[in-house]
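Below, each chain spelled out in residue letters.
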Amino acid sequence: MAEIVLECRNLWKIYGKVVAVRDVSLGIKEGEIKVLFGPSGSGKSTLARCLAMLTKPTKGDVFLRGECLTRPGVDLNKARARIGFVFQHIWLFNHLTALGNVMLGLRRVLKMSKEEAEKRARRALREVRMEEWADHYPAQLSGGQQQRVGIARALAMDPEIIILDEPTSSLDPELTGEVIDILRELAKKGTTMLIISHEMLFNREVADEMIFFDEGRIVERGPPDHFFTMPKTDRARRFMERLIKQTARD
Amino acid sequence: MYFLFEYLHLIFSGFLTTVEVTFFGIAMGLVLGTILAIGDIYGGKIVSTLIKLYVEFFRGSPLLVQLFIFYFSIPTLLDIQIDSFTVGLIVFGLNSAAYQKGYIKGAMASIYEDQMMAALSLGLSKFQAIIYVILPQAMRLVIPAWSNEFCSLAKSTAALLIIGERELTSAGKTIAGHTWRVFETYTFIALIYFVWISAVMKALDILYEKVKIPGLEVSL
Ligand SMILES: Nc1ncnc2c1ncn2[C@@H]1O[C@H](COP(=O)(O)OP(=O)(O)O)[C@@H](O)[C@H]1O
Ligand SMILES: [Mg+2]
């Protein structure tokens, strides 16, 4: 059986009075693709950020290949370098070109020489078909191109898992395709991923397991077909109906 | 105006003093202001309160009072001597830091959270993120405010005259006293201020255009 790469146990995240994540346990195995979906405000981003240790969990533990990251004294920078993260609102470094964005982590975290970093960064940009745009600044790129650079930036670090938080939801509908194509290729290569996504056709195609998330907890989980044919809970069924109607309209 | 030629050396040495104090003040203000801005954002409650007190003092009291404190009060208290030029360097540096801290913190805060999280996600430390991601953007955004700060500081150095430092305005005062040609003298002094301040501000405009990056402009 494949090893679990990233896992949380009994994870809670509380912001003041808002319980964003309540008692969630979840693991992603080597080569596995898990898709997380659910209503906006249900705590998906918070869970993803806690897993990547970009937000400190209030309670509970996170493990990266069995190593507990929520204990004091852990080198979180090292751990974060092994977990790729792609943000909903992209968040490229505005003062750096596409190439500069991809090179920063290679240079400053992996301590590569300039030549080596550039070679690897260009390779990552080629993988997302952004090589010709290497010298452009974020503001000179379309949303879809920016997000492809965002993916290259995470990919170049050669992470053990990539977490993607609604990578297409801030894009115009006509630009989501180019990003989805890249993700599809990553899936084919066996990249370990946790993807938050409401692109249901894509989800159905790539997910090993889909997880319906609502009010900070896992409401229902199973293989994609389960959700397309017979979700058990009312909430999941209603959410699926709405999504499918939307997809049909698009 | 030919009588002024006799006093060129006096004008020139006064001008040099003015320029030195101005540039030193701006440079020290930039370094210290950056440190204060970082301290205010990351330092926790106590550090941040201390920084606030510092800023309140330098922004909330007259420059002349600050000069007196450093020229008279502190030397008396510590039983030391500080010459007026050094007092100028210290006071204008500390004073400018208080103002520049505000500009730099504002610029840092405007780009802070999302860029910081993106940097952390790559494995950069917080310190690296500040150095490689936050400051390069903040500094670009802060240049226009910096230009205003320079403009006001360059003129405020005239206050040094009150503690007997021979800067540009005090040179004018001396000449006017000797010659009684008050109008010509001060017109000429004003012209010198105008020319050098405009030149530096123009240079800062050019710098701003040079380091400008698409999408990172300040809307003026
Ligand atoms: N930094 C934060 N501070 C306070 N509340 C937050 C913060 N981040 C998220 N929340 C709250 O946590 C809840 C879950 O948000 P989020 O994880 O963004 O949901 P989703 O990604 O599913 O839309 C929301 O109620 C949101 O307002
Ligand atoms: Mg979200």
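Predicted, not measured: the structure shown is a model, and the values here were computed from it.

Caption draft 1: Focus on the overall build of chain A. The secondary structure content of chain A amounts to nine helices and 10 strands. Computed over C-alpha atoms, the radius of gyration of chain A comes to 18 Å, within 12% of the 18 Å expected from 2.2 N^0.38 for 250 residues, which places it in the range of a compact globule. For chain A, the spread of C-alpha atoms along the principal axes amounts to about 55 × 50 × 40 Å. Scored against the burial criterion, the 250 residues of chain A give a buried share of 54%. If you take every contact in chain A between residues at least 6 apart in sequence, the share linking residues at least 24 apart comes to 65%. Here chain A displays about 11500 Å² of accessible surface, and carbon together with sulfur accounts for 48% of that area. Charged side chains of chain A number 40 positive and 35 negative; the gap between the two group centres comes to 5 Å.

Caption draft 2: Region of the structure containing the pattern of salt bridges. Residues and elements named next belong to chain A. Scanning the model with the defined rule gives 25 salt bridges over all chains in all. Between Glu205 and Arg184 there is a salt bridge, and its shortest N-O distance comes to 2.8 Å. Of this pair, Glu205 sits in helix α7 (residues 200-206) while Arg184 sits in helix α6 (residues 173-188), and the two are 21 residues apart along the sequence. By relative accessible area, Glu205 is classed as partly exposed at 46%. One salt-bridge network, in which partners are shared between bridges, spans Glu3, Glu30, Arg65, Glu67, Arg82 and Glu160.

Caption draft 3: Looking closely at the site of ligand 1. Residue and element names in this part refer to chain A. Taken together, the neighbourhood of ligand 1 is formed by Tyr15, Val18, Ala20, Pro39, Ser40, Gly41, Ser42, Gly43, Lys44, Ser45 and Thr46. Between ligand 1 and Gly41 there is a distance of 2.6 Å, counted from an oxygen atom to a backbone nitrogen or oxygen. Side-chain polar atom of Ser45 to an oxygen atom of ligand 1: 2.8 Å apart, as the coordinates give it. At the level of secondary structure, the elements contributing two or more residues to the shell around ligand 1 comprise β2 (18-29) and α1 (44-51). Ranked by residue count, the leading element in the shell around ligand 1 is α1, at three residues. Taken together, the residues of the shell around ligand 1 sort by class into four nonpolar, six polar and one charged.

Caption draft 4: Spotlight on the sheet that holds strand β6 (residues 83-86) of chain A. Residues and elements named next belong to chain A. If you walk across this open sheet you meet the six strands as β6-β7-β8-β3-β9-β10, and the pairing is mixed. Among the strands making up the open sheet, the edge pair consists of β6 and β10 (217-222). Each adjacent strand pair in this sheet contributes to an overall mean axis angle of 20°, direction not counted. Against the sheet, helix α5 (residues 143-156) contacts β6 and β7 (161-165), and its axis sits at roughly 170° relative to β6.

Caption draft 5: Focus on the nonpolar core. Judged by nonpolar contacts, the single largest core of 110 residues is most densely connected at Phe37, Leu47, Ile151 and Ile163 of chain A. The biggest single contributor to this core is helix α6 (residues 126-156) of chain B, with eight residues. With near-sequence residues (within four places) excluded, Ile151 of chain A lies in contact with Val86, Val128, Leu164, Val179, Ile182, Leu183 and Leu186 of chain A. Val19, Ile26, Ala98 and Val200 of chain B belong to the second-largest nonpolar core, a separate cluster that totals 43 residues.

Caption draft 6: Just the interface of chain B and chain A, in detail. In this complex, chain B contributes 21 residues to the contact, which on the side of chain A involves 24 residues. Interface area for chain B against chain A, summed over the two sides, is near 2000 Å², with a carbon-plus-sulfur share of 68%. For chain B, the biggest contributors to the area lost against chain A are Met117, Ser121 and Leu122 of chain B; these three give 31% of the whole. For the side of chain B that touches chain A, the secondary-structure elements that each account for two or more residues are α5 (112-121) and α6 of chain B. Residue contributions to the side of chain B that touches chain A peak at seven residues, all from α5 of chain B. Broken down by class, the residue content of the side of chain B that touches chain A amounts to 12 nonpolar, seven polar and two charged.

Rules used throughout
Residues numbered from 1 in each chain as written. Chains lettered and ligands numbered in written order. Predicted model: local features only at pLDDT ≥ 70, side-chain atom pairs only at ≥ 80, totals over all residues. Heavy atoms only, no water. Helix = DSSP H or I, 4+ residues; strand = E, 2+ residues; numbered from the N terminus. Rg over C-alpha atoms; globule rule 2.2 N^0.38 Å. Buried < 20%, exposed > 50% of the residue type's maximum accessible area, 1.4 Å probe, protein only. Contact = heavy atoms within 4.5 Å. Areas by Shrake-Rupley, 256 points an atom, 1.4 Å probe, with all protein chains shown as cover. Lys, Arg positive; Asp, Glu negative; His and termini not counted. Charge placed at Lys NZ, Arg CZ, Asp CG, Glu CD. Salt bridge = Lys/Arg side-chain N within 4 Å of Asp/Glu carboxyl O. Near = heavy atom within 4 Å. Polar contact = N/O pair within 3.5 Å; in protein donor to acceptor, adjacent residues only side chain to side chain. Nonpolar A, V, L, I, M, F, W, Y, C, P; charged D, E, K, R; others polar. Pairing = 2+ DSSP bridges. Axes fitted to C-alpha atoms, helices over the stretch in contact; angles between N-to-C directions. Core = buried A, V, L, I, M, F, W, Y, C linked by side-chain atoms within 4.5 Å. Buried area = accessible area lost by both parts, 1.4 Å probe.

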